[in-house]
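Residues per chain, in single letters:
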Amino acid sequence: LILRQIVGIGYESVYESTKELSFTLFDSFFGRSVMNFGTTNIFLILCGFAYLTYRGYYKKEIPLIITLTYLVSGTGINLMLHKDLFVIFRTLITTNILFSTIFVATIPFYSPYTKEGTIIYSILIGLFTSIFSIYFSLNEAIFVIIFIVSLLNPLLDKVVLKIKEDRNSENK
């Protein structure tokens, strides 16, 4: 991440970095593009999400809230900066955002166990992802964001449980 920002090292080949390549949304959806390692097959990722949704242990609300927060906050940021709004959707399709939110951010040991903590966790990841998408390559940054926010999980759950405990003691 640091080398990419300072020196400009990328994952593209010499040909890819010097040519303007054009792919359709259909190509991106099925993973046919010559991008960096974040190029993924969105169709297979969504099939995996559909399968995991029916599993009892899977926290399906995390990817949904992250994606919604990313789209809403990214649109707001791009409107403020007078940038192209389609960039947010294109970034969602051509980087690791969907993969990491569906398969990495939902790991049970590293995500909050309280409902409110899960919502806060998801909103933080979506918000930071939209902010970082302006300045950094999201192929690496999304994993760093998930790692940092995951470090806050014990604190999020403690705060949520403390608030619930205080409310219960006030109601008695």
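Refer to the structure above for everything that follows.
Here's what I pulled together on the structure shown here. A quick note: this is a predicted structure, and the numbers were derived from the prediction, not measured.

**What to know about the overall build of the protein**
No. 1: Check the secondary structure of the protein and you find 10 helices and zero strands.
No. 2: Element order for the protein, N to C, with α for helix and β for strand: α-α-α-α-α-α-α-α-α-α.
No. 3: Within the span of the protein, comprising 172 residues, buried residues form 37% of the whole.
No. 4: The contacts of the protein with a sequence gap of at least 6 include a subset with a gap of at least 24, amounting to 67%.
No. 5: For the protein, the accessible area works out to roughly 10600 Å², and carbon and sulfur atoms hold 69% of it.

**What about the packing of helix H8 (residues 115-135) against helix H10 (residues 153-171)?**
No. 1: In contact at an axis separation of 9 Å, H8 and H10 are set at 135 degrees when each is read in the N-to-C sense. Classed by the angle they form, the pair H8 and H10 counts as oblique. The two elements H8 and H10 cross, and the hand of that crossing is right-handed. On H10, the residues that touch Glu116, Gly117, Ile120 and Tyr121 of H8 are Asn153, Leu156, Asp157, Val160 and Lys164.
No. 2: When the residues that make up the contact of H8 with H10 are grouped by side-chain class, the tally is four nonpolar, two polar and three charged.

**Here we look at H10**
No. 1: Given a rise of 1.5 Å per residue, 19 residues ought to cover 27 Å, and the 27 Å separating the end C-alpha atoms of H10 matches this to within 8%.
No. 2: All buried positions along H10 are accounted for by Asn153, Leu156, Asp157 and Val160. For H10, the arc enclosing every buried residue in end-on projection is 95 degrees, short of the 170-degree limit, so these residues lie on one face. Every exposed residue of H10 that faces more than 90 degrees away from the buried side is listed here: Pro154, Leu155, Lys158, Glu165 and Glu170.

**Remarks on the packing of aromatic side chains**
No. 1: Inspection of the entire model under this criterion finds two aromatic pairs.
No. 2: A centroid spacing of 6.1 Å and a plane angle of 70 degrees characterise the contact between phenylalanine 49 and tyrosine 58, whose relative ring orientation is edge-to-face. For the residue pair phenylalanine 49 and tyrosine 58, the accessibility class agrees, reading buried in each case.
No. 3: Taken together, a centroid distance of 5.3 Å and an interplanar angle of 50 degrees make the contact between phenylalanine 99 and phenylalanine 103 tilted. Here phenylalanine 99 and its partner phenylalanine 103 are both found in helix H7 (residues 97-104), four residues apart, which amounts to about one turn of the helix.
No. 4: On the basis of relative accessible area, phenylalanine 99 is assigned to the partly exposed category, the value being 32%.

**Some details on the environment of phenylalanine 128**
No. 1: By the element assignment, phenylalanine 128 lies in helix H8.
No. 2: Of the residues examined, phenylalanine 128 reaches a relative accessible area of 35% and is grouped as partly exposed.
No. 3: The spatial distance from the C-alpha of phenylalanine 128 to the C-alpha of isoleucine 145 is 6.9 Å, given a sequence separation of 17 residues.
No. 4: Not counting residues up to four positions away in its chain, the partners in contact with phenylalanine 128 are Ile145 and Val149.

**A short note on the environment of leucine 124**
No. 1: Within the secondary structure layout, leucine 124 lies in helix H8.
No. 2: Separated by 54 residues in the primary sequence, leucine 124 and tyrosine 70 place their C-alpha atoms 9.5 Å from one another.

**Re the side chain of threonine 67**
No. 1: Looking at the element boundaries, threonine 67 is found in helix H5 (residues 61-80).
No. 2: In terms of polar contacts, threonine 67 uses its side chain to reach the backbone carbonyl oxygen of proline 63, at 2.8 Å.
No. 3: For threonine 67, the contacting residues outside a window of four places in its chain are Leu92, Leu98 and Thr101.

Here is what the cut-offs are and how they apply
Residue positions are given per chain, counted from 1 along the sequence in the order it is written. Since the coordinates come from a predicted model, pLDDT governs what is reported: local features require at least 70, and pairs of side-chain atoms require 80 or more to be given and counted, while whole-chain, interface and lining totals use all residues. To get the side-chain values, all heavy atoms of the structure are used, and hydrogens and water are removed first. Secondary structure elements follow DSSP: runs of H or I of four or more residues count as helices, runs of E of two or more count as strands, with numbering from the N terminus. With a 1.4 Å probe rolled over the protein chains alone, any residue whose accessible area is under 20% of its type maximum counts as buried; one over 50% counts as exposed, and the rest are partly exposed. The contact definition used throughout considers only heavy atoms, calling two residues in contact when any of these lie within 4.5 Å. All accessibility values rest on the Shrake-Rupley procedure with a 1.4 Å probe; residue burial counts only the protein chains present in the view. Fitting a line to C-alpha atoms yields each axis, with helices limited to the stretch in contact; the angle taken between N-to-C directions then spans 0 to 180 degrees. Geometric relationships in this document are graded by angle, where less than 35 degrees denotes roughly parallel, more than 145 denotes roughly antiparallel, 65 to 115 denotes roughly perpendicular, and other angles denote oblique. Crossings are assigned a handedness: left-handed for a near helix turned anticlockwise from the far helix by less than a right angle, right-handed for a clockwise turn. For this classification, Asp, Glu, Lys and Arg are treated as charged, while Ala, Val, Leu, Ile, Met, Phe, Trp, Tyr, Cys and Pro are nonpolar and the rest, including Gly, are polar. Given the number of residues in a helix, its expected span is that number minus one, multiplied by 1.5 Å. Working definition: the arc comes from the directions between the helix axis and the C-beta atoms, pointing outward to the latter. Only the six-membered ring of Trp is used, alongside the rings of Phe and Tyr, when aromatic pairs are assigned; centres must lie within 6.5 Å, and planes under 30 degrees apart are stacked while those over 60 apart are edge-to-face, with the rest tilted. Polar contacts here mean pairs of N or O atoms no more than 3.5 Å apart (in protein, one a potential hydrogen donor and the other a potential acceptor; neighbouring residues in sequence count only if both atoms are side-chain atoms).

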